Amino acid sequence: MEKITIAIDGYSSTGKSTIAKQLAKALGYIYVDTGAMYRAVTLYAMRQGYVTLDTNNTEALVGSLALINLKFVYNDQLGFAEIYLNDENVEREIRTMEVSKLVSKVATVGEVRKKLVHIQKQMGLEKGIVMDGRDIGTVVFPKAELKLFLTATPEKRATRRYKELLDKGEDVSYEEVLRNVEQRDYIDTHREISPLKKAEDAIIIDNSDMGLEEQFSRVFDFSKRVIDKQKKDVH
Ligand code: DC
């Protein structure tokens, strides 16, 4: 079967990773969560004291980028690859509210983006990949055969995220989560380098009032159509 590259971008907490994981599984593709990579770099910067709510020591972070080693290791039981920061599984730790509050700051640093985009492009060389993030269709894979752009109202997204955090036992308020969603939207769309924006050829999916099943069936249909077209074009 002809393999394609699928780029999924969109606002935070639009369920990009859920849909990307399902799609990758159904197609037998690799799934890469690029948000996890920015979060892991943020965790590193937090631990070193390079970034806090009031400070951002970009110089120190950039100076130590070579010491940050990221890798994904497939977890059979979970059915997806978990992220490792310098050989430590940080999949859980990168999802805390603390990291969420600082990650947009770290993601504005040009050298950080350069390093991560380079790794992401390498991962996609063989195609057969579903990658989600903010700049996948615009910067990482501008030639991706299928680009999706997920969106939903900030309130719907905050409600979903709030539930997830409560399930994980985090002590947060809905208002705090909503504020974080809105702040990240602002920073992600206004940063100078690779701001979040829809690629011209991306398909918009507003899932404010769409269940997971409907969403998956749409996205799967789009993928099959593109893959079938590729097959015809090749033969
Ligand atoms: O998808 P996420 O919420 O886990 O992403 C965390 C942050 O990382 C998000 O606020 C913006 C940043 N990010 C980015 O700038 N570029 C990407 N390709 C992926 C994430």
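First things first, this report covers the structure right here in the doc. Source: prediction; values computed, not measured. (Residues numbered from 1 in each chain as written. Predicted model: local features only at pLDDT ≥ 70, side-chain atom pairs only at ≥ 80, totals over all residues. Heavy atoms only, no water.)

### Focus: the site of the ligand
The full set close to the ligand counts 15 residues, and Arg 39, Arg 113, Asp 135, Arg 184 and Arg 191 are the nearest of them. In this structure, Thr 34 approaches the ligand through a side-chain N or O atom, which is 3.0 Å from a nitrogen atom. Taking Arg 39, its side chain carries an N or O atom lying 2.7 Å from an oxygen atom of the ligand. Against a free-state accessible area of 440 Å², the protein chains account for coverage of 96% of the ligand. Residue composition of the shell around the ligand, by class: 4 nonpolar, 4 polar and 7 charged. (Near = heavy atom within 4 Å. Polar contact = N/O pair within 3.5 Å; in protein donor to acceptor, adjacent residues only side chain to side chain. Areas by Shrake-Rupley, 256 points an atom, 1.4 Å probe, with all protein chains shown as cover. Nonpolar A, V, L, I, M, F, W, Y, C, P; charged D, E, K, R; others polar.)

### A few points about the packing of aromatic side chains
One pass over the structure, following the stated rule, counts 3 aromatic pairs. On the numbers, 6.0 Å between centres and 80 degrees between planes, the contact of Tyr 162 with Tyr 174 is edge-to-face. Taken together, the residues span a long stretch of sequence, with Tyr 162 in helix α7 (residues 154-167) and Tyr 174 in helix α8 (residues 174-190) at a distance of 12 residues. Pairing Phe 216 with Phe 220 gives two aromatic rings, centres 5.6 Å apart and planes at 20 degrees, and the pair type is stacked. (Phe/Tyr/Trp six-rings, centres within 6.5 Å; stacked < 30°, edge-to-face > 60°. Helix = DSSP H or I, 4+ residues; strand = E, 2+ residues; numbered from the N terminus.)

### As for the pairing of strand β3 (residues 70-75)
Relative to strand β4 (residues 80-85), β3 is paired through 6 bridges, and the arrangement is antiparallel. Considered in β4, the bridge of Asn 75 is made with Phe 80. Taking the residues between adjacent antiparallel strands as the criterion, β3 and β4 are bridged by 4 residues, where Gly 79 takes a positive phi near 80 degrees. (Pairing = 2+ DSSP bridges.)

### Some points on the nonpolar core
Across soluble globular proteins, nonpolar side chains have a tendency to be buried as a group. The biggest cluster of nonpolar side chains holds 36 residues, and the ones touching the most others in it are Val 41, Leu 61, Ile 68, Leu 70 and Val 112. The set of elements that each furnish at least two residues to this core consists of α2 (34-47), β4, α4 (97-106), α5 (110-123), β6 (129-133) and α6 (136-140). For this core, the leading source of residues is α2, giving 9 residues. When near neighbours in sequence (up to four residues on either side) are disregarded, Ile 68 contacts Val 41, Tyr 44, Leu 61, Leu 85, Asn 86 and Lys 115. Ile 8, Leu 27, Val 130 and Val 226 belong to the second largest nonpolar core, which has 20 residues in total. (Core = buried A, V, L, I, M, F, W, Y, C linked by side-chain atoms within 4.5 Å. Buried < 20%, exposed > 50% of the residue type's maximum accessible area, 1.4 Å probe, protein only. Contact = heavy atoms within 4.5 Å.)

### A look at the sheet that holds β3
Read across the sheet, 3 strands follow the order β3-β4-β5 without closing on themselves; strand pairing throughout is antiparallel. Single-partner strands in this sheet number two, and they are β3 and β5 (88-89).

### With respect to the side chain of Gln 120
With respect to the helices and strands, the residue Gln 120 is situated in helix α5. For Gln 120, a relative accessible area of 0% gives the class buried. Aside from chain neighbours lying at most four places away, what touches Gln 120 is Thr 34, Met 37, Tyr 38, Met 131, Ile 136, Val 140 and Phe 141.

### Looking at the sheet that holds strand β7 (residues 146-151)
Taking strand neighbours across the sheet as the criterion, the 5 strands line up as β2-β6-β1-β7-β8 in an open arrangement whose pairing is parallel. Only two strands of the sheet have a single partner each, and these edge strands are β2 (30-33) and β8 (203-206). For this sheet the average axis-to-axis angle between neighbouring strands, irrespective of direction, equals 20 degrees. With 5 bridges joining them, strand β1 (residues 5-10) and β6 adopt parallel strand pairing. When the bridges of β6 are listed, Asp 9 appears paired with Gly 133. Each of β1, β2, β6 and β7 is contacted by helix α1 (residues 16-27), which is oriented at about 170 degrees to β1, the strand it contacts most. Against the sheet, helix α9 (residues 212-234) makes contact with β1, β7 and β8, and its axis sits at roughly 165 degrees relative to β7, the strand it touches most. (Axes fitted to C-alpha atoms, helices over the stretch in contact; angles between N-to-C directions.)

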